[in-house]
Amino acid sequence: MVTSSSAPSTPADEPAGAGRPSRTPVEKVSGTSPRPATLRRSPVVMRIGMVVFCIGASALLVMLVLFASGARDFPVWFWLVVALAPIGLGISAFRIRQAGLSVD
């Protein structure tokens, strides 16, 4: 077995920053886990849109289960709750675009 003597054997032998990504500044947020200081919070309207989407998507899943079990006539209010899914998605997508946020 041949080993190279030039490679550090333990992390303590490595020079500072060698092979490690640079770290961003971190701030402590009210007793929770630290997050990067450069991370922006999502706008309130976007969070509301996500909640509306989740309510609509949940209603859609319930409707699919009921439909699979044999129910065919759903009340109008149930269809309106299901319609919240694309409305919430649209609100969130518009707000992300408006805020200039991106995934990358």
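Keep in mind that what you see is a predicted model, and the values were worked out from it rather than measured.

## A closer look at a nonpolar patch on the surface
At step 1: A grouping of Val45, Ile87 and Ile91 is seen on the molecular surface, where their side chains present a nonpolar patch of about 230 Å² in accessible area.
At step 2: Within the secondary structure, Val45 is located in helix α1 (residues 44–68).
At step 3: The exposure class assigned to Val45 is partly exposed, which follows from its relative accessible area of 41%.

## Some points on the nonpolar core
At step 1: The biggest cluster of nonpolar side chains holds five residues, and these are Ala59, Met63, Phe74, Phe78 and Val82.
At step 2: Once residues lying within four places of it in the same chain are set aside, the contact partners of Phe78 are Ala59, Val62, Met63 and Leu66.

## Here's the deal with the packing of aromatic side chains
At step 1: According to the stated counting rule, one finds three aromatic pairs in the structure shown.
At step 2: On the numbers, 5.8 Å between centres and 25 degrees between planes, the contact of Phe74 with Phe78 is stacked.
At step 3: Given the relative accessible area of 11%, Phe78 is considered buried.
At step 4: Relative to Trp79, the ring of Phe74 lies with its centre 6.1 Å away and its plane at 80 degrees, an arrangement referred to as edge-to-face.
At step 5: Trp79 sits in the partly exposed class, given a relative accessible area of 47%.

## A few points about α1
At step 1: Between its first and last C-alpha atoms α1 spans 36 Å; for 25 residues at 1.5 Å apiece the expected length is 36 Å, and the two agree.
At step 2: Of the positions making up α1, those classed as buried are Met46, Gly49, Val52, Gly56, Ala59 and Met63.
At step 3: On its buried face, α1 sits against α2 (76–82) and α3 (84–99).

What counts, and where the lines are drawn
- Residues numbered from 1 in each chain as written.
- Predicted model: local features only at pLDDT ≥ 70, side-chain atom pairs only at ≥ 80, totals over all residues.
- Heavy atoms only, no water.
- Patch = residues over 30% accessible without salt bridge, like charges linked within 9 Å, V, L, I, M, F, W, Y side chains within 5 Å.
- Areas by Shrake-Rupley, 256 points an atom, 1.4 Å probe, with all protein chains shown as cover.
- Salt bridge = Lys/Arg side-chain N within 4 Å of Asp/Glu carboxyl O.
- Helix = DSSP H or I, 4+ residues; strand = E, 2+ residues; numbered from the N terminus.
- Buried < 20%, exposed > 50% of the residue type's maximum accessible area, 1.4 Å probe, protein only.
- Core = buried A, V, L, I, M, F, W, Y, C linked by side-chain atoms within 4.5 Å.
- Contact = heavy atoms within 4.5 Å.
- Phe/Tyr/Trp six-rings, centres within 6.5 Å; stacked < 30°, edge-to-face > 60°.
- Expected span 1.5 Å × (residues − 1).

Interpretation note: all reported values are geometric properties and have no functional meaning in isolation.
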